[in-house]
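Close look at the chain arrangement
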Amino acid sequence: MAPSTPLLTVRGSEGLYMVNGPPHFTESALFPRESGKNCKVYTFSKDGTLFAWGNGEKINVINVTNKGLLHSFDLPKAVCLEFSPKNTILATWQPYTTSKDGTAGIPNLQLYDVKTGTCLKSFIQKKMQNWCPSWSEDETICARNVNNEVHFFENNNFNTIANKLHLQKINDFVLSPGPQPYKVAVYVPGSKGAPSFVRLYQYPNFDGPHAALANKSFFKADKVTMLWNKKATAVLVIASTDVDKTGASYYGEQTLHYIAANGESAVVQLPKNGPVYDVVWNSSSTEFCAVYGFMPAKATIFNLKCDPVFDFGTGPRNAAYYSPHGHILVLAGFGNLRGQMEVWDVKNYKLISKPVASDSTYFAWCPDGEHILTATCAPRLRVNNGYKIWHYTGSVLHKYDVPSNGELWQVSWQPFLDGIFPVKTITYQAVRSDVPSEEPKVATAYRPPALRNKPVTNSKLEARNEKSPDLAPTPAPQSTPRNTVSQSTSGDPEIDKKIKNLKKKLKAIEQLKEQAAAGKQLEKNQLEKIQKEKALLQELEDLELGTVHNCTIQHNAEQEQ
């Protein structure tokens, strides 16, 4: 049977409901709308056939295919839900509480048999972070981090601990995806001068000094993120410190490491200093993309030797998203950035489209590999809430804006297993859309959403204070030196002379950039001139605004001579 179109699930002040996916976008009759504001959580199973949600009184589980209610559990305080990979177990978590006399609280992590509705096991799990047990894809093993060691259960028998992985103080672990042999990556923070390290093991071979498949240690790490590739041949590790001791970044410091299951390891050399915003594996498991460096950030694809394969240059971006089939890559700037997206064909390294999803707080590829969901959700942003469905060619196919007195809390695609949707040939022509195109916005200085309905002042100081520290500077259009400069004089011959010289320098830079775009090989001193364009533009702006006195102007053009 041909796959159906993935549904969208929407949760907000208007309730919980489902929307049919492209091309219809009508409210789905598969799930009657749950009105009210009491829904705190929902989840799909990995294959999208089961759906569970909490309405403030019960956790309900339905079969999406036949709309049948499978179970209803009395868990009014549950805020986290997750199905095991083969839909055998539903895990639920609610905040841990102790009694008034200080005695231990009751177990708050429950594991239910989806078939029978029986509670198989309850655990005390105090922290919400990493609350859910981790299963292998065939559910043969299941693991939990308990008191700095990893406990393994087999075949969903939670009454017997089959194996333990014990090191000094295991802070985190990640099971490998895919079939046997199962692997696990573990992170142990450094202490008393000893370095932090990540080690890879093959289950259940944990004992002995040479049991580890690979080991990588590093001193600069307060926390790490470990990312297995799909074939479980390697792990990428982002090691982060909370504070950058050089003072260069409020993000702290990050380094990127590569660890292979065959024992090889390396530091991924990133050619621009600054934060590592995002790292993502291609589903092929043969390459990964990193977004890094002070704004405007670089984006580079690396191979398994950690050699750069393709450099996308710099831009206002802090995230990367491969399509489910791995043939399209979206580079995006969300959060404090303006929502610019670059959609790339990564087989031919060709740009497909450059849509803009302003104020987006969420992005997700549709399982079909053709459609994209962007959303603006509360509490991250409490104004302009809503979502859009795009085709990767840049067309908006559906748009929903929440009423001004309402909020959108969550929206997501119904998942499907890999291989259900076939990969299609990439098209570069924007697909037809019935959604009216929005009027292009005139490029203006960034203003946070909370300030956008307030009067705009001309204070340069205020504009700088409003600007977020990690906001990418907007590149000045090449026509700026010719078209935006006032032709009036300042009344000061010396300043007029400097303005004239700056315009001359900028015009020369513009000509050099045109020559480079035409394929001409530039000399080193010509490239250095191009790099000074931003500083010259800033100096020109300061002169024309009259904000800098003559005695404090540093004339770069004169220094070059």
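Residues numbered from 1 in each chain as written. Predicted model: local features only at pLDDT ≥ 70, side-chain atom pairs only at ≥ 80, totals over all residues. Heavy atoms only, no water.

Now for the overall build of the protein chain. Of the regular secondary structure elements, the protein chain holds 6 helices and 35 strands. By residue count, 46% of the 561 residues in the protein chain fall in the buried class. Taking all contacts inside the protein chain whose residues are at least 6 apart in sequence as the whole, residues at least 24 apart take part in 44%. Approximately 29600 Å² of the protein chain is accessible, and the part contributed by carbon and sulfur atoms is 51%. (Helix = DSSP H or I, 4+ residues; strand = E, 2+ residues; numbered from the N terminus. Buried < 20%, exposed > 50% of the residue type's maximum accessible area, 1.4 Å probe, protein only. Contact = heavy atoms within 4.5 Å. Areas by Shrake-Rupley, 256 points an atom, 1.4 Å probe, with all protein chains shown as cover.)

Attention shifts here to the sheet that holds strand β7 (residues 80-83). Strands sit in the order β7-β8-β9-β10 across an open sheet of 4 strands; the sheet is antiparallel. Edge positions in the sheet fall to β7 and β10 (119-123), since each has one partner strand and no second. Each adjacent strand pair in this sheet contributes to an overall mean axis angle of 15°, direction not counted. By the bridge criterion, 5 bridges tie strand β8 (residues 89-93) to strand β9 (residues 109-113) in an arrangement that is antiparallel. Bridging from a neighbouring strand, Ala-91 pairs with Leu-111 of β9. (Pairing = 2+ DSSP bridges. Axes fitted to C-alpha atoms, helices over the stretch in contact; angles between N-to-C directions.)

This next bit is on the pairing of strand β25 (residues 297-303). Within β25, 6 of the 7 residues are buried, leaving the element largely enclosed by the surrounding structure. Between strand β24 (residues 287-292) and β25, which pair antiparallel in sequence order, lie 4 residues; one of them, Gly-293, sits at a positive phi of approximately 95°. Across 5 bridges, β25 lies against strand β26 (residues 308-315) in antiparallel orientation. The residue bridging Phe-302 from the neighbouring strand is Pro-308, located in β26.

Omega for the bond connecting Pro-22 with Pro-23 falls within 30 degrees of zero, at 10°, which places this linkage in the cis form. Looking at the element boundaries, Pro-23 is found in the loop between β2 (15-19) and β3 (41-44). Look at the link from Tyr-203 to Pro-204: it is a cis peptide, with omega at 0°. Within the element layout of this structure, Pro-204 appears in the loop between β17 (196-202) and β18 (214-218). Positive phi values are uncommon outside glycine, yet Ala-232 reaches one of about 60°.

Once that is clear, we can look at the sheet that holds β17. Reading across from one edge, β15-β16-β17-β18 is the order of the 4 strands in this open sheet, with antiparallel pairing throughout. Since the sheet does not close on itself, it has two edges, and those belong to β15 (172-175) and β18, each with one partner. Taking each pair of neighbouring strands and ignoring which way they run, the sheet shows an average axis angle of 15°. Judged from the 5 bridges that link them, β17 and β18 form a sheet pairing that is antiparallel. In the sheet register, Ser-196 faces β18, and the bridge partner there is Phe-218.

Before going further, it helps to spend a moment on the environment of Pro-204. Overall, the relative accessible area of 41% leaves Pro-204 in the partly exposed class. In sequence terms Pro-204 and Lys-164 are 40 residues apart; their C-alpha atoms lie 8.7 Å from each other.

Moving on to the pattern of salt bridges. Taken as a whole and assessed by the stated rule, the structure comprises 11 salt bridges. One salt bridge connects Lys-164 with Glu-149, and the closest N-O pair in it is separated by 3.6 Å. Of the two residues, Lys-164 is situated in strand β14 (residues 163-166) and Glu-149 in strand β13 (residues 149-154); the sequence distance between them amounts to 15 residues. Its salt-bridge partner being Lys-298, residue Asp-311 comes within 2.9 Å of it at the nearest N-O pair. One end of the pair, Asp-311, is in strand β26; the other, Lys-298, is in strand β25, with 13 residues separating them in the sequence. Judged by relative accessible area, which is 15%, Lys-298 ranks as buried. (Salt bridge = Lys/Arg side-chain N within 4 Å of Asp/Glu carboxyl O.)

A word on the pairing of strand β4 (residues 50-54). The buried fraction of β4 amounts to 5 of the 5 residues, a majority that puts the element mostly inside the structure. Residues of β4 alternate between two faces, with Leu-50, Ala-52 and Gly-54 on one and Phe-51 and Trp-53 on the opposite face, all of them buried. Note: β3 against β4, 4 bridges, orientation antiparallel. Note on β4: the bridge partner recorded for Phe-44 is Phe-51. In textbook terms, the turn of a hairpin is the stretch between consecutive antiparallel strands, and for β3 and β4 this stretch comprises 5 residues, one of which, Gly-48, has a positive phi near 80°. For β4 and strand β5 (residues 59-63), the ladder comprises 5 bridges, and the chain directions are antiparallel.

On to the nonpolar core. Within soluble globular proteins, side chains that are nonpolar generally end up buried alongside one another. Counting 18 residues, the largest nonpolar core has Phe-152, Leu-165, Val-184, Val-186 and Tyr-201 as its most contacted members. Only β12 (141-146), β13, β15, β16 (183-188) and β17 provide two or more residues apiece to this core. The biggest single contributor to this core is β16, with 3 residues. Excluding its chain neighbours within four sequence positions, the residues that come into contact with Tyr-201 are Leu-165, Leu-167, Tyr-182, Lys-183, Val-184, Val-186, Phe-206, Ala-211, Ala-212 and Leu-213. Counting 17 residues, the second-largest nonpolar core is a separate cluster that includes Cys-377, Val-402, Leu-408 and Val-411. (Core = buried A, V, L, I, M, F, W, Y, C linked by side-chain atoms within 4.5 Å.)

The next thing to look at is the packing of aromatic side chains. Within a pair of aromatic rings, the relevant descriptors are the distance that separates the centres and the angle that separates the planes. Here the structure, examined in full by the defined rule, presents 23 aromatic pairs. Here a set of aromatic residues connected by ring pairs shows up, and it is made of Phe-31, Tyr-42, Phe-44, Phe-51 and Trp-53. It is Arg-144 that lies over the ring of Phe-123; its NZ or CZ is 4.2 Å from the centre. Lys-350 extends its terminal NZ or CZ atom over the ring of Tyr-428, reaching a point 4.2 Å from the ring centre. (Phe/Tyr/Trp six-rings, centres within 6.5 Å; stacked < 30°, edge-to-face > 60°. Lys NZ or Arg CZ within 6 Å of the ring centre and 35° of its normal.)

Right, let's get into the confidence of the model for the protein chain. Low-confidence regions, as indicated by low pLDDT, have predicted coordinates that should not be scrutinised in detail. Here the protein chain shows a mean pLDDT of 84. Residues at 70 or above account for 83%. Note on residues 458-490: pLDDT is under 50 here. Beyond four places in sequence and across chains, it has 48 contacts. (pLDDT = per-residue confidence, 0-100.)

The next subject is the environment of Phe-173. Mapped onto the elements, Phe-173 comes out in strand β15. Sequence separation of Phe-173 and Glu-149 is 24 residues, and the distance between their C-alpha atoms is 9.5 Å. With residues near it in sequence (within four places) discarded, Phe-173 still touches Ser-134, Ala-143, Arg-144, Asn-145, Val-150, Val-184, Ala-185, Val-186 and Met-226.

A word on the environment of Asp-401. Following the sequence through the fold, Asp-401 ends up in strand β34 (residues 396-401). Residue classification places Asp-401 among the partly exposed positions, given a relative accessible area of 47%. Contact partners of Asp-401, with chain neighbours within four places excluded, come to Asn-385 and Gly-386.

As for its position among the elements, Asn-385 is in the loop between β32 (371-376) and β33 (386-391). On the basis of relative accessible area, Asn-385 is assigned to the buried category, the value being 4%. Of the polar contacts made by the side chain of Asn-385, one reaches the backbone oxygen of Leu-381; its length is 2.8 Å. (Polar contact = N/O pair within 3.5 Å; in protein donor to acceptor, adjacent residues only side chain to side chain.)

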